[in-house]
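Chain residues, written in single-letter form:
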Amino acid sequence: MKLDYYDLISPAPFAIQDVGSIRPLTLRDVSGLTGRVYSTYLALLNISPEKYCTEVNESLKPWYEHLNEEQLSCLTMYDIAASSTALQQSFSAIFDFFFEERVLYDTSKDTFVVFRPLKDAEGRDSIHITGTIHKGNYLEVCDIILQFGHMDTKDTVDPARVKNKKGLARYQEMQKRKKKNRIRPKANADLELANIISAVCAMHNSINYTNVWDMTVYQLWDTFARLRNNEIYASGRTSVSVWGDKENKFDYNLWFKNITTTN
C-alpha cells in the first residue's frame, strides 16, 4: 500500500483499518528512544527471514537451512516474530513505539493485539481493542511504518497470499533469482539520520538545532530532498543567467517539481 504524499508529510496519525493508528514520529520521539535503537527497529521491520536467521540470530540458522523450498517460500518474519516469548516481546515493543495505541502479543490468539487502555463506567481499568497484527497483514503494517521512516521495503509480496501452485512456483523461482543476484548493500554514512539532521540545520534558513526536533522523520527527509533540489535549481539558474539558455533546456519549474517522483 503506497501512501499519499499528503499522508506522509502530515503530522496526523495514519489509521490502518482493523489495526490501529501509526503515529508520525517526531525527531524528539526518536531522540527519547535513541537514534541507534530507532534504526534497529526499522531494520527489523524491513529484514527478510533469511537474513535474520543467517546473520542476525545465527542460533536459528540450522533450523532455517533444514526447511524445504515450499516451507521457505511461505515463511515470513511474522512466523519468526511469533516463534518465541523473547521475540514476541521484542516485536511488541517495536509496534508499541510506532502505534498511537498499545501493542502486546496474545499467545492464545497468535496475534499482536492493538488496544487503548481506558476506564469503564465504574472507574475500573479496561481496554478497547482497535485491531490486530497477524500474518495476513504483517507485511502491510511494516510497509506503512517504513514509508513514514522514508524507507522502501525489500519484499512487498506476502507468500501466504499466493493462492495456487502455479503462483507459488513463480514466487519460489523469483526468490531463487533474487538470492542468486543479491548484492550486499553498503551502509552510507551520508544518509544516516544524524547526518541528515545536521545537514538540514546547516543549510536551511530557519530550521536549526532548537526547532528541528519538532519535525516528523518524514518531514525531515522531505525537507532534505527539497534542499537538494533547490541547490540544483540555483546552480542551473546561475548558469543560465551567465551563459544563457539557447537550447531552452533549463526547467524553470524545477523548484516545485514533485520530489516523490523526481528523487
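Reference entry: report on the structure contained in this document. Bear in mind that the values here come from a model prediction, so they are computed numbers and not experimental data.

Things to note about the overall build of the chain
- Broken down by element type, the chain carries 13 helices and five strands.
- By residue count, 37% of the 263 residues in the chain fall in the buried class.
- In the chain, the proportion of contacts linking residues at least 24 apart, taken out of those at least 6 apart, comes to 56%.
- Roughly 16500 Å² of accessible area belongs to the chain as shown, and the carbon and sulfur atoms make up 52% of that amount.

Considering the sheet that holds strand S4 (residues 111-119)
- The strand order S3-S4-S5 describes an open sheet built from three strands, whose pairing is antiparallel. Lying at the two open borders of the sheet, with one neighbouring strand each, are strand S3 (102-106) and strand S5 (125-133). Strand after strand, the sheet turns through a mean of 40° between neighbouring axes, direction not considered.
- In this sheet, S4 lies alongside S3 in antiparallel orientation, the contact comprising five bridges. Looking at S4, one finds that Arg102 is bridged to Phe115.

As for the pattern of salt bridges
- One pass over the full model with this rule turns up eight salt bridges.
- Arg116 is the salt-bridge partner of Glu101, the closest N and O atoms lying 3.1 Å from each other. With Glu101 in the loop between helix H8 (85-98) and S3 and Arg116 in strand S4, the pair connects residues that are 15 residues apart, well separated along the chain.
- The exposure class of Glu101 is buried, given its relative accessible area of 4%.
- Salt bridges linked by common partners bring Asp120, Glu122 and Arg124 together as one network.

Focus: the packing of aromatic side chains
- Evaluated as defined, the whole model comprises eleven aromatic pairs.
- Look at Phe14 and Phe148: their rings are 6.1 Å apart centre to centre, the planes differ by 55°, and that puts the pair in the tilted class. Taken together, the positions of Phe14 in strand S1 (residues 14-16) and Phe148 in helix H9 (residues 138-148) put the pair 134 residues apart, joining distant regions of the chain. Like Phe148, Phe14 is buried.

Considering empty space enclosed by the protein
- Applying the stated criterion across every chain yields a total of one cavity of 30 Å³ or more.
- Size it by volume and the largest cavity reaches roughly 90 Å³.
- Every residue lining the largest cavity is counted, 13 residues in all, and those nearest its centre are Leu25, Tyr38, Phe148, Gly149 and Val217.
- Residue assignment for the lining of the largest cavity shows that the elements contributing at least two residues are helix H3 (35-45), H9 and helix H12 (217-243).
- Its residues assigned to classes, the lining of the largest cavity shows ten nonpolar, two polar and one charged.

Some details on the pairing of S4
- If you look at the hairpin formed by S3 and S4, you'll find four residues sitting between the two strands, and Asp110 has a positive phi there, around 55°.
- Where S4 meets S5, eight bridges bridge the pair, whose relative direction is antiparallel. What sits directly across from Val113, in S5, is Thr132.
- Remark: five residues form the turn of the hairpin made by S4 and S5, two consecutive strands paired antiparallel; Gly123 in that turn has positive phi of roughly 85°.

Overview of the environment of Phe95
- Structurally, the position occupied by Phe95 is in helix H8.
- With 19 residues separating them in the primary sequence, Phe95 and Val114 have C-alpha atoms 8.9 Å apart.
- In contact with Phe95, other than residues within four places in its own chain, are Leu45, Val103, Phe112, Ile133, Tyr138, Val141, Cys142 and Ile145.

Topic: the nonpolar core
- Ranked by size, the top nonpolar core spans 58 residues in total, and within it Phe91, Phe95, Phe98 and Phe99 carry the most contacts.
- Sort the elements by how many residues they give to this core and H9 lands first, with seven residues.
- Ignoring any residue separated from it by four or fewer positions in sequence, one finds Phe99 in contact with Ile16, Val19, Gly20, Ser21, Ile22, Arg23, Val114, Ile133, Val141 and Ile145.

Quick notes on the rules
Every chain's residues receive numbers from 1 upward, in the order its sequence appears when written. Only residues with pLDDT of 70 or above have their local features reported here, since the model is predicted, and side-chain atom pairs are shown and tallied only from 80 upward, although totals for entire chains, interfaces and linings are computed over all residues. Side-chain metrics in this entry use all non-hydrogen atoms of the structure; hydrogen atoms and water are not considered. Secondary structure elements are taken from DSSP: a helix is a run of H or I of four residues or more, a strand is a run of E of two residues or more, and numbering for both begins at the N terminus. Exposure classes here rest on a 1.4 Å probe applied to the protein chains alone. A residue is buried below 20% of its type maximum, exposed above 50%, and partly exposed in between. When checking whether two residues touch, look at their non-hydrogen atoms; a contact exists if any pair is within 4.5 Å. Here the accessible surface of atoms and residues is derived via Shrake-Rupley with a 1.4 Å probe, and residues count as covered only by protein chains that are part of the display. At least two bridges found by DSSP between two strands are what make those strands a pair. Inter-axis angles, ranging from 0 to 180 degrees, are taken between N-to-C directions of lines fitted to C-alpha atoms, where helices are fitted over the stretch in contact. Each reported salt bridge corresponds to a side-chain nitrogen of Lys or Arg within 4 Å of a carboxyl oxygen of Asp or Glu. Under the pairing criterion, centres of Phe, Tyr and Trp rings, with the six-membered ring standing for Trp, must be within 6.5 Å; the plane angle then separates stacked pairs below 30 degrees from edge-to-face pairs above 60, leaving the rest tilted. Any residue with an atom within 4 Å of a point lines the site, the site being either a cavity, points on a 1 Å grid over the protein atoms alone where a 1.4 Å probe fits but cannot get out, or a pocket, an open set with protein on both sides within 12 Å along at least 5 of 7 lines. Grid points are joined across faces, edges and corners, and a volume is the space filled by probe spheres set on the points. The nonpolar class holds Ala, Val, Leu, Ile, Met, Phe, Trp, Tyr, Cys and Pro. Asp, Glu, Lys and Arg form the charged class, and all remaining residues, Gly among them, are polar. Each nonpolar core is a collection of buried residues, namely Ala, Val, Leu, Ile, Met, Phe, Trp, Tyr and Cys, held together in the definition by side-chain atoms within 4.5 Å.

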